[in-house]
Structures are given as C-alpha cells and as structure tokens.
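Observations on the model geometry
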Amino acid sequence: MAIITCHECGATVSTEAKACPKCGAAPKPPRSQWNIPGIVVLLLAIAGLVLFAKHAEQANVEEQQERTRQAIAKADADRAKRRADFNANKTQILVNADALLQANDFEKARTLLAGYAAA
C-alpha cells in the first residue's frame, strides 16, 4: 500500500482507497510506465530514418559511379584525340621529310626525322 496525493484537493490518500476521504473524488487509474503507442511511433520513426539514410546513401553511390563513368569517357575521348593529333603530326613530318629527301636536302631531313624519333 502506497500513499498518493488526491488529484482534486491534494490530500493524502491510500492507493487502496475507493475515494478521497476529504473530498470524495475517485482516484485516477494508475498510468502505465510504458506508453506503447508512443514507443511504436518512435520505432517507426527510427526505421523510417534508417531507410531514408540507406536510400540517400545508395543514390549518392549511384551518382558517384555516374560521375566516374563520365570522367572515364572524357579521358578516353581526350586520349583518342591526342592519338589522332599525334598520328596527323607524324604523317605531316614524314611527308615533309619525304619532300626534303626528294629535294636532296638530306641534312634537314635528318634533323626533322631526329626530332620525330625523339617524340
């Protein structure tokens, strides 16, 4: 048996009493220590946050993968352009060297081809 305070008049009342001896008010039923609906709402909110975080993380990973794919594609395109430019330059050097050889300017042709070999 415990002593509680009357919710109407503030007098001390036994928990086993059917009414307050001073004012006659019926005691309030004891509140549960566990608020089940509140706990359920809290757990659902936590689950929702976890799912949202996982979804956001997955979206971030997919975005990062797409940026990586785009960077690789750009690097491949740049490499192909440099290769094409190098081949065009190489062709032009060989054409110029051939013209110099046809003109019997062997020293200039040798110099031009030596620069080509160094590249």
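Residues numbered from 1 in each chain as written. Predicted model: local features only at pLDDT ≥ 70, side-chain atom pairs only at ≥ 80, totals over all residues. Heavy atoms only, no water.

Some thoughts on the environment of Thr-111
Heads up, the condition is: The helix count covers DSSP runs of H or I at least four residues long, the strand count covers runs of E at least two residues long, and both are numbered beginning at the N terminus.
Relative to the helices and strands, Thr-111 resides in helix H2 (residues 106-118). When the C-alpha atoms of Thr-111 and Lys-90 are compared, they prove to be 14 Å apart, with 21 residues separating the residues in sequence.

Some words on the layout of surface pockets
The cut-off we apply is this: Buriedness of a pocket was judged along seven lines, with at least five required to meet protein on both sides within 12 Å; pockets are open sets of points on a 1 Å grid over the protein atoms alone, cavities are sets where a 1.4 Å probe fits but cannot get out, and lining residues have an atom within 4 Å of a point. Grid points are joined across faces, edges and corners, and a volume is the space filled by probe spheres set on the points. Note that Gly is not counted as nonpolar here; it falls among the polar residues with everything else outside the nonpolar set of Ala, Val, Leu, Ile, Met, Phe, Trp, Tyr, Cys and Pro and the charged set of Asp, Glu, Lys and Arg.
A volume near 200 Å³ is recorded for the largest pocket. If you trace the largest pocket, you find 13 residues lining it, with Ile-4, Thr-5, His-7, Pro-27 and Lys-28 closest to the centre. Split into classes, the residues belonging to the lining of the largest pocket amount to nine nonpolar, three polar and one charged.

Points about the nonpolar core
Convention followed: In these notes, a set of buried Ala, Val, Leu, Ile, Met, Phe, Trp, Tyr and Cys residues joined through side-chain atoms within 4.5 Å is what counts as a nonpolar core. Summary of the burial criterion: residues with accessible area below 20% of their type's maximum are buried, those above 50% are exposed, and those between are partly exposed, where the area comes from a 1.4 Å probe applied to protein chains only. Note on definitions: a residue-residue contact is assigned when non-hydrogen atoms from the two residues lie within 4.5 Å.
With five residues, the main nonpolar core is built from Cys-6, Ala-11, Val-13, Cys-20 and Ala-25. Residues contacting Ala-25, with those up to four places away along its chain left out, are Cys-6, His-7, Glu-8, Ala-19 and Cys-20.

Remarks on the environment of Leu-113
By secondary structure assignment, the location of Leu-113 is in helix H2. Taking the C-alpha atoms as reference, Leu-113 lies 112 Å from Ala-11; in sequence the two are 102 residues apart. Setting aside residues up to four positions removed in sequence, Leu-113 forms contacts with Leu-94 and Ala-97.

Here's the deal with the state of the cysteines
To keep things clear, this is the line we draw: A pair of cysteine sulfur atoms is labelled a disulfide when the two atoms are within 2.5 Å.
With the rule as written, the count across this model stands at zero disulfides. No disulfide involves Cys-9; its sulfur sits 3.6 Å from the nearest other cysteine sulfur, which is in Cys-20. Cys-9 sits in the partly exposed class, given a relative accessible area of 32%. In this structure Cys-20 comes out as buried when scored by relative accessible area, which is 5%.

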